[in-house]
Amino acid sequence: MKIELTLNGRKISVDILPGEYLIETLRKCNIHSVRRGCDTTNCGVCTILLDGKPVPSCSVLSAQADHHQITTIEGIAHEAEKLSTFFGKEGADQCGYCNPALALSVYALMKENPHPTSAEIDEYLIGNLCRCSGYKNQNKAIMAFLAEEARMEEQ
Amino acid sequence: MKVVNQKIPSIDGKSLMMGRIAYSDDFADSDSLVIKVLRSPHPFAKIVAIDVSSASTLPGVEIVLTYADFNRIPFTRAGQGYPEPSPHDKFVLDEYVRYIGDEVAIVAAVDEATAKQALKLINVEYQVMEPILDFETAYNNPIVLHPEPEIHEMFPIGFDPKKNVAAEYHMEIGDIETALKQCDVVVNETYYTQAQAHAMMEPHSCNARFDHLNRLVIYSSTQTPFHIRRIISQALEFPISRIRVIKPRVGGGFGGKQAVHGELIAASVTIRTGKPSKLVYTRKEVFESSYTRHPMRFDMRLGAMKDGTLKAIDCQVLSDTGAYGEHALTVFMVAGSKVLPLYNKVDSVRFGGKVVYTNHTPAGAFRGYGAIQGNFALESVIDVLCHKLQIDPVVFRQKNMMKEGESSPIFAIMGEGTEGTAMTMDTCKLDYCVKRGMELIGWKTKYPRQVISEDLVRGVGMAIAMQGSGIPLIDMGSAIIKLNDGGFYNLLVGATDIGQKSDTILAQICAEELETTIDKIIVTSSDTDLTPFDTGAYASSTTYVSGNAVVNAAKAMKLLLIEEAAKILKINKDKIIFDGSSFSDSEGKIKISLADLSNRLYYNENQKQLATTGSFVGHKSPPPFMAGFAEVEIDIKTGETSVINYVSVVDCGTTINPKLAQGQVEGGIVQGIGMALYEEVNVAKSGKLITNSFLSYKIPTRLEIKNLVTEFADSYEESGPFGAKSVAEIGIDTPPAAIMNAIYNAIGVRINVLPATPEKIWMGINKKEKKL
Amino acid sequence: MKIERYVKSPSIEAAFASLHEGTNNKIIAGGAWLKLTDPTIDTAIDLSLLNLDFITDNGKEIEIGAMTTLHTLGRNAILNKIYDGILSRAAMQIMGITVRNIATIGGCIMGKFGFSDILTPLVAMDALLIFHQHDKMTVVEFLNTKENIRDILVKVVIRKANTRGYFRKIALTHLDFAVLNTAVSRNGSEFRIVFGSRPGVSTRAYKAENFLKEQIKIDEDVMNKAVEIAAAECQFGSNQRGSAEYRQSLAKVYAKRGIKAVTTNEN
């Protein structure tokens, strides 16, 4: 079947199977940044934004997304780059495999709640597993990034 | 120091966050055959017949391979120096399958769906055999798991497959029985550790193709590209000169990728079909069919005098290597060699045991590599002894532990598969680490417990640990530095960045030595064609071993540069002053910039390429040390427990990059907390791993991790690059013991079998209440 | 998993018709757990065009559309208040944000999953289920019926009252399924004590509820008796997440904490 997606702001039409998941469809569209981590909706590595909301692309049927907006890290490159500088400062980036997914979740959090507490960050991002970092430096980087973005917003 | 010991952002972090092409599967050819592996449903069986005709003829299937398609060449998948201290007991495919998940057949097809469908069409007739699923019954069991005649050890490691023994080792310093007899107090405890899963976020992934020179090019998410090249050549009888292994970015390894996993399979498919192929493990395959940590049993005996002098340590180990003996001997030996020297003043220490085969998922390398298992046993039993002696466990450790300038006879006796290397502790800031850790956790006010409410009790506990910095006389690293026109450098290293950010660390070391900035150092790593040899990312070796190689290459480059500058400036090279960007005489009157020098060298006069090579092999392995302090909060009605504070004070010498070093320590701490409290491994009676997904196998989430405090001791290891020792593994060692000690201090319940789940703690509380 | 056809139904009637066209036709709610059940589906029926994503307060009742996601439940101001917000609290403890953004209240109910953290508070709130064709029924009736209801759940109704509530999920890590979840609610002198993930599906402790109703004063002694009754009348089983004994013990501890919470000002 054919579906229409708005992928990072660009309207596209893709041929899919009815049982196909978005993670597979996005590969067909040459998006490599959406990666597989588990097969059970637990790890968060394949996170994308569907109409601005973080969802696991391994568990959303592509047919469900027909006529919806999909954002991958390429669609928020500016914010991702900024977030990465805060990760760099805190040494929060290690293997990086989960980082595009994490950045998308942070972006969605920022839109939903620009001034989260550390506890709210944990609650929002709990589904983004990380085996490298120990999490704490990530949180420091995310807090600093959000504070900076909020400051820019006010100006 | 301008670059080293600075919090410099990693050189690849930005690209990775922006989702650039970086990991193995991103490099797979778009027309790759997709490989799927048929895996054994039985823990132990012989393949009586295997019919692949329906699968082979399914449209879209390119090739189906079974054991009959391979020459019988035993090898080990362990990515270790050659000859390996692991038995050669594995075949690419074998007529025996030895665990649920073992490889039976290989299918390569045009797409995943076709490959999966073909798997279902393979008919296998198994002769199902009784497995060994309890490692305590494996030794000398009438069931023999490895009866095949071709398998062998490379040098004596105690390999005795007829008795299901993959490796065995014993040593004794002094006379343990006499020493124990002379002690006022003797304690005797048994501990068990579980088959922890690495759970790196990127599943094992590799892909292969032939290039324009008809050479086999493999991208792999591996920790050991050079070992992969060697093992492929040996196991597939394919010329090593025709193999190129490239390790791109890797999404975490932690030891789980210190082995050949899918590479032999993808290589076989591409060699036989001539077509590109790729194999990406499912998460289930990562859990069931890669590696786990070696589960171990420890029988510990300690003897001490009433005044708190530790006199004797007896540590007897039984280790479960699962179906194959990868890293069997060495992980088990590290449980002694990187643990027991912590208490170096004893009269006698004995260590020994066996590593047995079972029908479990094979065990292999995992961060900590035996040390975490041994540390849990020793640092737990030390606390048991302290309570019997009624001595504060911190005071006891301060009295008995290793100090700077001291040594332990164990270093000379125990190596990794061979004899060890004698060394004294030129840097050992354990004293400081313990003292500072006490302050940071608030030991004096919090030890042993604080009652928070009717239901909540808090306790503190601690443990000390050591690790190594590479394997002396075995682990080798090398580096090539090439000067470019425009005055910047290429740094080519075999060292393997698997997410620990070693490319950044090595660039910092290189920039520091060449007195330049990190943007002038372009790192290329882990390509067996382009970069010089390196044993790989394991044994906490990269900073110390590969880092020293970079220092050597950079020193040579500096000499070369000064020589060339002297020729051009026509002054004696001893008079040249090089500040990293220009050369001048002592008055600064005659001058040439590095950029001009390089441009002249390549375009104008006496043209030549400047390049230097540096190598390093350690003659010792200076251990990093740390003290870990845990504060736990326990609901005494339910056993629910959380670590509300974890304090780490680490002596890893100079931190090349303090933030990245902190990341290494905290990442290790959290994996250690996982092993201590959450990462329960369940195996069904059938031998099937139940905890084979992230739904059932629980690693800590960000909500489990409350507060981490990490500090580094002021320390400078003369033999290390700019004073550095290693920092990759030391973080993981202390949490199991420190947390169990904290739980005991809080509620008087001692958990000897990891992990300490709430139910186990609840049962302990109940048992204790019944006794009262 | 295999899906032959995928339809986004334009109306409830059309969805209902599709559902009854074949026995292998299934409603896809959020799809969060679809993969785990590995189904073979002829027609997958998508309800996303039916405007079933709503939470409204009509003064007497709160109505929740069946396609409302867990994240919406968690963040909704109305639900955050009623019964001390137990439904919101339960929703926010399920998996991560990505799953909460696709999993729906309808899917959680219709799946009758034993591990569900949503069913437990819904039972404690006496929630009413409104179907397209089938008679309305309470969540408890729905969980207990043997009837295979092949219908479309339209909305969930919660009657408003001066209510108190308590919910706790006990799990190994915050991303795990519960070893046990417990909800306790009070509406005047009426109590509900509910245990879920036992590992069986959520169930009420009727005898304990009745016992509490008869008491004039809820003191320590009464609470102890009530939780003994509750733990005895409900069935607890063993699986890899915990033994029956442990679950039963947790049930007593958390039921007592719950009763205490809904009878005092603490929560």
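Quick note: structure is the one above.
Description of the structure in this document. What you see is a predicted model, and the numbers here were worked out from it, not measured in a lab.

## What about the overall build of chain C?
1) Next: The helix and strand tally for chain C stands at 12 helices and 12 strands.
2) Next: Computed over its C-alpha atoms, the radius of gyration of chain C comes to 19 Å, within 12% of the 18 Å expected for a compact globule of 267 residues.
3) Next: Dimensions of chain C, computed from C-alpha atoms along their principal axes, come out at roughly 60 × 45 × 35 Å.
4) Next: In chain C, which comprises 267 residues, the share counted as buried stands at 56%.
5) Next: Of the contacts formed within chain C by residues at least 6 apart in sequence, a portion of 61% connects residues at least 24 apart.

## Details of the interface of chain C and chain B
1) Next: Tallying the contact residues gives 13 residues for chain C and 15 residues for chain B.
2) Next: Considering every element that reaches the side of chain C that touches chain B, the biggest residue donor is helix α12 (residues 244–263) of chain C, with four residues.
3) Next: Looking at the side of chain C that touches chain B, its residues break down into six nonpolar, six polar and one charged.

## Observations regarding the interface of chain A and chain B
1) Next: Contacts between chain A and chain B engage 44 residues on the former and 45 residues on the latter.
2) Next: Put simply, the parts of the chain that give the side of chain A that touches chain B at least two residues each are α2 (77–90), α3 (99–112), α4 (118–125) and α5 (136–154) of chain A.
3) Next: Ranked by residue count, the leading element in the side of chain A that touches chain B is α2 of chain A, at 10 residues.
4) Next: Split by residue class, the side of chain A that touches chain B holds 19 nonpolar, 15 polar and 10 charged.

## Things to note about the nonpolar core
In globular proteins that are soluble, nonpolar side chains generally tend to be buried together.
1) Next: Within the largest apolar cluster, 392 residues are counted, with the highest numbers of intra-cluster contacts made by Ile35, Val107, Leu491 and Ile743 of chain B.
2) Next: When residues no more than four places from it in sequence are discounted, the contact partners of isoleucine 35 of chain B are Ile106, Val107, Ala108, Ala115, Ile265, Ala266, Val269, Ser277, Lys278 and Leu279 of chain B.

## A few points about the pairing of strand β5 (residues 103–109) of chain B
Residue and element names in this part refer to chain B.
1) Next: For β5, a buried count of seven out of seven residues is recorded, marking the element as mostly surrounded by other parts of the structure.
2) Next: Pairing of strand β1 (residues 33–39) with β5, which is carried by six bridges, proceeds in the antiparallel orientation. By the bridge assignment, lysine 36 is partnered in β5 with valine 107.
3) Next: Where strand β3 (residues 61–65) lies against β5, four bridges are found, and the strand directions are antiparallel. Residue pairing across strands places isoleucine 63 opposite alanine 108, the latter belonging to β5.

Thresholds, definitions, all that
Residues numbered from 1 in each chain as written. Chains lettered and ligands numbered in written order. Predicted model: local features only at pLDDT ≥ 70, side-chain atom pairs only at ≥ 80, totals over all residues. Helix = DSSP H or I, 4+ residues; strand = E, 2+ residues; numbered from the N terminus. Rg over C-alpha atoms; globule rule 2.2 N^0.38 Å. Buried ≥ 20, exposed ≤ 12 C-beta atoms within 10 Å, placed from the backbone. Contact = placed C-beta atoms within 7 Å. Nonpolar A, V, L, I, M, F, W, Y, C, P; charged D, E, K, R; others polar. Core = buried A, V, L, I, M, F, W, Y, C linked by C-beta atoms within 7 Å. Pairing = 2+ DSSP bridges.

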